[in-house]
Amino acid sequence: MDTYTVRELTSEEMVAASPMVARAFLVDGSEDDITARGAGLLAGSVNLGAFAQEQQVGTAQVQARSLCVPGGASVPVGAVTAVAVASDHRRRGLLTRLMRAALPRSGPAVSALWASEAAIYGRFGYGVATELTRYTLPTRIAFRPGITADSSLVRELPRDEAIPVIRALYERYAEHRVGALTRTDGNWDHHLFDSTRVQAGRSPLRFAVHPEGYATYRAKPVWNDTGPQGQLDVHEFIATTPQATADLWRYLLDIDLVRTIHYDGDPDDPLALLLPDTRVALRKRLPALHIRLVDVAAALPLRRYLTPIDVVVELDDPFCPWNTGRWHLSANSGQMTVASTEAVPDLELDIRDLGAAYLGGTRLSALAAAGLVREHTTGATTALSNAMLADREPSCREVF
Ligand SMILES: CC(=O)SCCNC(=O)CCNC(=O)[C@H](O)C(C)(C)COP(=O)(O)OP(=O)(O)OC[C@H]1O[C@@H](n2cnc3c(N)ncnc32)[C@H](O)[C@@H]1OP(=O)(O)O
C-alpha cells in the first residue's frame, strides 16, 4: 500500500504546514514562515501537500502570475515556490509527485521558479532562463566622462509612503522588461518582508525614491581602526529611464560612512557601463529564473521572434510526455505557429534547454556548443537561436 498521498491543500492546511516548511529551509521556529511572509499568497495560489497518513510531510505552492516575454506580452505563468519535504521523508519520490501535481497539462503553458539548489529541477524540465550579475563595488567612484547625475532628485521616503510610489514605478518597468513578473499585494508583502532574521544585523529596508525609479536597500554600520567601513545591500533597483539609473546610483554611491555596496543586477546591467573602469566592480554571473514549458505548442506562440524561422525540432520531455515528439516551428513577422509533424528533424533538444532559451537569454548556439542541441541540418541551430534572441538579456529581479 502507498504510504503517501499528494493532494491540493486548503489555505488553512498550508498555514498548518508552515513550521515543516520553515524547518525544511533550516529556519526552525522563525517568524519568517508562510503565515508571516506569505499569508497574502494563499488564496490566489494552488497549494499542494504530501501526507504520510495524517502527517503533513511536503508542500509546494503554484502562484498565478504573469511574465513579460520577448515582444512585450505578459503571459500567465505558474510560479512554483515553497517546495519542501520533511527531512525524514526525503528521497522517496515526494518532490516528484508534488511536481506532477504542480505541472498539469491543463495549467499555465509556462512554469517558472527559483531553485534552492541547481541540481534539483533539470529533471523536471526546467532550464536556467535568466541570470543575474552579483556586484561588489566601492563607493564614491566617479562615473565615466559624459554621464551627468543629479542625486538631489532622490528622496528617502518612509515605508508606507514609499510603497504605493514604488509599486506604480515597478508596474511601468515590468510591462517592458523581459523576465519581469507581475506582483499582487501578496507578492509585494513577501518581497518587502522585513523581519529581524531577514535584516540579519542590517537596517530595516530603506526606500530611496526618484521620480523615475527607486532603490530599496539595507545599511550595515561597520567600523575598524581606519574609520567607517559601512556596507549597503541593494535589495532592488528599478529605473525607468537612463537618467534615473545615473541619479539613483550617484545617490547610493555617495552615502556617507559606506565603503562597499552589494547589488544583484541584470545580466547586462547598465551599472558597469556607468563606470570609467569596469574592473573596480567585482562581478559574478549567477543562475536566476528557471523556465519550464509545460505545453510547448501553446507556449512558443506566446512570445515574438526576431527573425523568420522554418524548422522541425525533435523534443524529448519524459516528465510531460505530451511535449515529446517532432514539432514544425514556423515564424513570420515575429509570430510563430507550432504543429506536430512526422517530418525529419533539423535539430534535437531536451525540453529544459528550450525552456532556457525561451526568454531570449540563453543562446541555443551556446547549448549546441556543449552538445545539448544536436543539429541534423546545417544552419538550423543558428537560425532558431537568432530567432529566439531578445533585444536585451532577460532579467527577473524578484526571488520568490
Ligand atoms: C522552487 C522552490 O521552492 S526551491 C526549494 C526546494 N526546497 C528546498 O531546497 C528545501 C530543502 N529540501 C527539500 O525539502 C527536499 O530535499 C526537496 C524538496 C528538494 C527534494 O524532495 P525529495 O522528496 O527528497 O525529492 P525526490 O525524492 O522526489 O527526488 C527526486 C529526484 O531528485 C533528486 N534530488 C532531490 N533533491 C535533490 C537535491 N537537493 N540535490 C540533488 N538532487 C536532488 C533525487 O535524488 C531524485 O533523483 P532520482 O530521480 O535520480 O532518483
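Residues numbered from 1 in each chain as written. Predicted model: local features only at pLDDT ≥ 70, side-chain atom pairs only at ≥ 80, totals over all residues. Heavy atoms only, no water.

- The chain carries the name UPF0256 protein in an unreviewed UniProt entry, which gives Actinokineospora globicatena as its organism.

### Topic: the domain arrangement of the chain
Quoted interface sizes are often the accessible area lost when the parts come together.
At step 1: Taken domain by domain, the chain holds domain 1 (4–102), domain 2 (133–286) and domain 3 (290–387).
At step 2: Using C-alpha coordinates to define each centre, domain 1 is positioned 30 Å away from domain 3.
At step 3: Each side of the interface is counted separately: domain 1 has 10 residues, and domain 3 has eight residues.
At step 4: Of the roughly 710 Å² buried where domain 1 meets domain 3, counting both sides, 77% is carbon and sulfur surface.
At step 5: Where domain 1 touches domain 3, the interface holds zero salt bridges.
At step 6: Where domain 1 meets domain 3, there are two residue pairs in polar contact (both at pLDDT 80 or more).
At step 7: Only β3 (55–68) and α4 (94–102) provide two or more residues apiece to the side of domain 1 that touches domain 3.
At step 8: Among the elements that line the side of domain 1 that touches domain 3, the one with the most residues is α4, at three residues.
At step 9: For the side of domain 1 that touches domain 3, a count of residues per class yields seven nonpolar, two polar and one charged. (Domains from an automatic or database assignment. Contact = heavy atoms within 4.5 Å. Buried area = accessible area lost by both parts, 1.4 Å probe. Salt bridge = Lys/Arg side-chain N within 4 Å of Asp/Glu carboxyl O. Polar contact = N/O pair within 3.5 Å; in protein donor to acceptor, adjacent residues only side chain to side chain. Helix = DSSP H or I, 4+ residues; strand = E, 2+ residues; numbered from the N terminus. Nonpolar A, V, L, I, M, F, W, Y, C, P; charged D, E, K, R; others polar.)

### Notes on the site of the ligand
At step 1: Surveying the vicinity of the ligand reveals 23 residues, the closest of which are Val83, Arg91, Gly93, Thr96 and Ser116.
At step 2: In this structure, arginine 90 approaches the ligand through a side-chain N or O atom, which is 3.4 Å from an oxygen atom.
At step 3: Taking glutamate 117, its side chain carries an N or O atom lying 2.9 Å from a nitrogen atom of the ligand.
At step 4: A total of 970 Å² of accessible area belongs to the ligand in isolation, and the protein chains cover 77% of it.
At step 5: Of all elements in the fold, only β4 (74–85) and α4 reach the threshold of two or more residues within the shell around the ligand.
At step 6: Looking at the shell around the ligand residue by residue, the classes come out as 14 nonpolar, four polar and five charged. (Near = heavy atom within 4 Å. Areas by Shrake-Rupley, 256 points an atom, 1.4 Å probe, with all protein chains shown as cover.)

### A short note on the sheet that holds strand β9 (residues 206–210)
At step 1: Here we have seven strands laid out as an open sheet, ordered β8-β9-β10-β13-β14-β7-β15, and mixed in their pairing. Looking along the sheet, the strands with just one partner apiece sit at the ends: β8 (155–157) and β15 (282–287). Across the sheet, the mean angle from the axis of one strand to that of its neighbour is 25°, orientation sign disregarded.
At step 2: Bridge count for strand β10 (residues 213–220) against strand β13 (residues 230–239) is eight bridges, and the pairing is antiparallel. Opposite tyrosine 214, over in β13, you have isoleucine 238 as the bridge partner.
At step 3: Contacts from helix α5 (residues 159–174) reach β8, β9, β10 and β13, with the element oriented near 55° to β9.
At step 4: Along the sheet, helix α8 (residues 242–253) contacts β7 (131–138), β8, β9, β10, β13 and β14 (258–265); its crossing angle with β13, the most-contacted strand, is approximately 165°. (Pairing = 2+ DSSP bridges. Axes fitted to C-alpha atoms, helices over the stretch in contact; angles between N-to-C directions.)

### Considerations on the UniProt feature "binding site: acetyl-CoA" (unreviewed entry) in the chain
At step 1: Those residues carrying the UniProt feature "binding site: acetyl-CoA" (unreviewed entry) are Val83, Ala84, Val85, Arg91, Arg92, Gly93, Leu94, Leu95, Thr96, Ser116 and Glu117 in this numbering.
At step 2: Checked against the element boundaries, glycine 93 lands in the loop between β4 and α4.
At step 3: Taking the relative accessible area as the measure of exposure, glycine 93 reaches 29% and is therefore partly exposed.
At step 4: Looking at where leucine 95 falls in the secondary structure, it is placed in helix α4.
At step 5: When sequence neighbours within four positions are dropped, the list of residues in contact with leucine 95 reads Val83, Val85, Ile120 and Phe124. (UniProt positions renumbered as here; feature names shortened; annotations may be inferred. Buried < 20%, exposed > 50% of the residue type's maximum accessible area, 1.4 Å probe, protein only.)

### Digging into the pattern of salt bridges
At step 1: Scanning the entire structure with this criterion turns up 24 salt bridges.
At step 2: In this structure, the salt-bridge partner of glutamate 398 is arginine 65, at a minimum N-O distance of 2.8 Å. Of this pair, glutamate 398 sits in the segment after α13 (380–388) while arginine 65 is found in strand β3, placing the two residues 333 residues apart along the sequence. When sorted by exposure, glutamate 398 lands in the same class as arginine 65, which is buried.
At step 3: A salt bridge links aspartate 194 to arginine 218; the shortest N-O distance between them is 2.3 Å. Separated by 24 residues along the polypeptide, aspartate 194 in the loop between α6 (185–191) and α7 (196–199) and arginine 218 in strand β10 bring together distant segments of the chain.

### Regarding the packing of aromatic side chains
At step 1: Within the structure shown, the criterion is met by nine aromatic pairs.
At step 2: On the basis of an interplanar angle of 45° and a centroid distance of 5.8 Å, the ring pair of tyrosine 170 and tyrosine 173 is categorised as tilted. Residue tyrosine 170 and its partner tyrosine 173 are located together in helix α5, separated by three residues, close to a single helical turn. Per residue, the accessibility class of tyrosine 170 equals that of tyrosine 173, and both read buried.
At step 3: Summarising the aromatic geometry, the rings of phenylalanine 237 and tryptophan 249 are spaced 4.7 Å apart at their centres and angled 10° between planes, so their arrangement reads as stacked. Remark: tryptophan 249 occurs in helix α8 and phenylalanine 237 occurs in strand β13; sequence separation between them is 12 residues.
At step 4: In this structure phenylalanine 237 comes out as buried when scored by relative accessible area, which is 3%.
At step 5: Pairwise contacts between aromatic rings join Tyr121, Phe124, Tyr126 and Phe319 into one cluster.
At step 6: Positioned above the aromatic ring of tyrosine 170 is the side chain of arginine 183, whose terminal nitrogen or guanidinium carbon lies 3.7 Å from the ring centre. (Phe/Tyr/Trp six-rings, centres within 6.5 Å; stacked < 30°, edge-to-face > 60°. Lys NZ or Arg CZ within 6 Å of the ring centre and 35° of its normal.)

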